[in-house]
Structures are given as C-alpha cells and as structure tokens.
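# Secondary and tertiary structure notes
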Amino acid sequence: VSTQPSSSPTNRASKVLLTQDELKKIAAYEAVKFVQSGMVLGLGTGSTAKHAVDKIGELLKQGKLKNIVGIPTSNVTRDQAISVGIPLSDLDKHPIMDLSIDGADEVDPHMNLVKGRGGSLLREKMVEATSKKFIVIVDESKLVKYIGGSGLAMPVEIVQFCWKFTLSRLEMLFMEAGCVGKLRKFGDSEEPFVTDNGNYIIDLYFKKDIGDLKAASDAILRLPGVVEHGMFLDMATTLIVAGEHGVRVTNK
Ligand code: 5RP
C-alpha cells in the first residue's frame, strides 16, 4: 500500500472549514485526473460519485476528454450521465471497465468497503467487480476501524418474496454480533424501498465486529432469497480521501 498526500483543501488563510460536500467534490475531482480519452468507465452512484460524473461531462464538453463510454451503476446515474453528455453503454457490450469511480459508506483500513446505503449495491458490484482499476472516493467521515464500525447499516439486497423470512435468517447468521435487520423504507413513507432491480433492501445493524468478512460474505450469499450484499471486499485498487488536512491517495 502506498500513500501520497496530494494537496491541502483547507483555506487556511481565512480558516474556513470545508463542508462535507466540498470534501466529496475534491475527492471526486482528484479521481477524474485518472480518466483518459478512450476509456470505458464505470460510473458510480451517490452524492460523491455525482461530482465525478459532472466533471467527466464537463471535460467531454471542453474537448479535453474524447471517446469515453460510461457504464452507469443506477438509473439515477444513467439519467445524470445523459444530462451531462456522457455516451453510455452496458456490461453486455463492454464487459470490462478500464476504470470505475464510486463513493462508499464505510472504508476499513484494508480498503474493504460497505456500499449501498444509496440502494445501488448490486449494479455497483457488477460493474466495479469487472474494473481494471476501481477508485473509491470519500470524505474522511467514511473511514472506520472495522466494517460495521460506523454503527450505520450494512445493506443486503433480497427478493421481495417472503422478505420477513429472509430478514430473520440474516439476523440469525449474525446473532453473536447482536445483529438487527430492518426493511428499508422509501424516504419517510411506510412503503418499502424498491431497488432498480425490483428488489428490497434489508439494512443490517451490528453491535459488535462481525469478524471474518469473507466468511460473513459467503454465509450471506448462501441464503436463498439474498441477491447481493453491500460488503465490497478486496475490490478497491485506489482510495482517495479528502479531509480538512488534505487529500490522500492510497494505492493497493
Ligand atoms: C450507493 C452507494 C454510494 O456510493 C454510497 O452510499 C456513498 O454515497 P455518498 O457518496 O452519497 O455518501 O453505495 O449505493
């Protein structure tokens, strides 16, 4: 693992602290420096990835990038990419990405991730798993000591059929970690959140470290009814973290 400080985003002269969204934008723009003309790009989803998509669109318009093909990881990103003029395709036609850029909800010290609090984990994993390079862009609030360590959700996409059954099986798998599962709702409504693939999401909350992540991943994926989970293990090749003290780029 090699880490390089890149630049300092803090406006020290006026002591103005940057907002979380400004830090996300700094990380995203740093990642876009890796984009070259002719690349097939996995386009991530979420408020951080959105900045990268906007920037790629801007560079295309300015003629500074050419012949880019984008593979979006959600319907929202597809619509955004169209609106900024990025030509799109899909995994059937372009099964290998040169580079994917996406945000994350948690990043552990080994660059394992939790993704999917935005609900797009399945398409994100399909696209990012086939990327030669996968750059994860975060502000430093996303760094955790261990997966689940933020106390926030680890999402699992499941089929709608008998979702309560699948939820209870998931809780049973992680009983020792005090796991509680909740069906994700759509905004403030009582309606379930439905993914772009027509599935539900169960958000798992852990009271303790779940330990062996590979074993946890295998156990979740063995449950009938589960489509995919939000742990992205050993997939990221580069991590870009923007914080008040600068931007850090770490290569695996
Ligand atoms: C969506 C994701 C996002 O990348 C993740 O939720 C981070 O989002 P944001 O950049 O808005 O903090 O996994 O499914």
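Note that the structure is a prediction, hence the values are computed from the model and not measured.

Reading the values: rules and limits
Residues numbered from 1 in each chain as written. Predicted model: local features only at pLDDT ≥ 70, side-chain atom pairs only at ≥ 80, totals over all residues. Helix = DSSP H or I, 4+ residues; strand = E, 2+ residues; numbered from the N terminus. Axes fitted to C-alpha atoms, helices over the stretch in contact; angles between N-to-C directions. Parallel < 35°, antiparallel > 145°, perpendicular 65-115°, else oblique. Left-handed = near helix turned anticlockwise from the far one by under 90°. Contact = placed C-beta atoms within 7 Å. Nonpolar A, V, L, I, M, F, W, Y, C, P; charged D, E, K, R; others polar. Pairing = 2+ DSSP bridges. Near = placed C-beta within 6 Å. Buried ≥ 20, exposed ≤ 12 C-beta atoms within 10 Å, placed from the backbone.

Although it is not a glycine, Met111 sits at a positive phi angle of roughly 70°. Note on placement: Met111 falls in the loop between strand S5 (106-107) and strand S6 (113-114). One non-glycine residue, Asp234, lies in positive phi territory at about 55°.

Our focus in this paragraph is the packing of helix H1 (residues 20-32) against helix H2 (residues 47-61). Between H1 and H2, the least distance of the axes is 8 Å, while the angle of their chain directions is 50°. Judged by the angle between their axes, H1 and H2 are oblique. Regarding H1 and H2, the two cross each other, and that crossing is right-handed. For the pair formed by H1 and H2, the contact residues are Asp21, Lys24, Lys25, Ala27, Ala28, Tyr29, Ala31 and Val32 on the first element and Ser47, Thr48, His51, Ala52, Lys55 and Ile56 on the second. Among the residues forming the contact of H1 with H2, the class breakdown is 7 nonpolar, 3 polar and 4 charged.

Turning our attention to the sheet that holds S6. Across the sheet, 3 strands lie side by side as S5-S6-S12; this open sheet has antiparallel pairing. Of all strands in the sheet, those with a lone pairing partner are S5 and strand S12 (231-232), marking the two edges. Sheet topology note: the S6/S12 ladder contains 2 bridges and is antiparallel. Paired with Leu113 across the two strands is Phe232, which belongs to S12.

With that settled, consider the site of the ligand. By nearness alone, 18 residues border the ligand, and Gly46, Ser47, Thr48, Gly103 and Gly118 come closest of all. Breaking the shell around the ligand down by element, the ones donating at least two residues are H2 and helix H4 (121-128). A total of 3 residues in the shell around the ligand trace back to one element, the largest contributor, which is H2. Tallied by class, the residues present in the shell around the ligand amount to 3 nonpolar, 10 polar and 5 charged.

Taken N-terminus to C-terminus, the directions of H2 and helix H3 (residues 75-83) make an angle of 25°; their axes are 9 Å apart at the nearest point. Viewed along their axes, H2 and H3 adopt a mutual orientation that is roughly parallel. The element H2 and its partner H3 pack so that their crossing is right-handed. Every residue of H3 that contacts H2 at Ala49, Lys50 and Val53 is listed here: Thr77, Gln80 and Ala81. Tallied by class, the residues present in the contact of H2 with H3 amount to 3 nonpolar, 2 polar and 1 charged.

This part is about the sheet that holds strand S11 (residues 226-229). Read across the open sheet, the 4 strands follow the order S9-S10-S8-S11; overall the sheet is antiparallel. Only two strands of the sheet have a single neighbouring strand rather than two, namely strand S9 (180-183) and S11. Looking at each pair of strands side by side, their axes are set apart by 30° on average, direction ignored. Across 5 bridges, strand S8 (residues 154-158) lies against strand S10 (residues 200-205) in antiparallel orientation. In the sheet register, Val156 faces S10, and the bridge partner there is Ile202. Lying over the sheet, H4 contacts S8 and S11, oriented at roughly 65° with respect to S11. On the sheet, helix H5 (residues 163-173) packs against S8, S9, S10 and S11 and is oriented at approximately 155° with respect to S9.

Burial analysis of S10 places 5 of its 6 residues in the buried class, which makes it a mostly covered element. Relative to S10, S9 runs antiparallel, the two sharing 4 bridges. Residue Leu183 lies in a different strand from S10, and its bridge partner there is Ile202.

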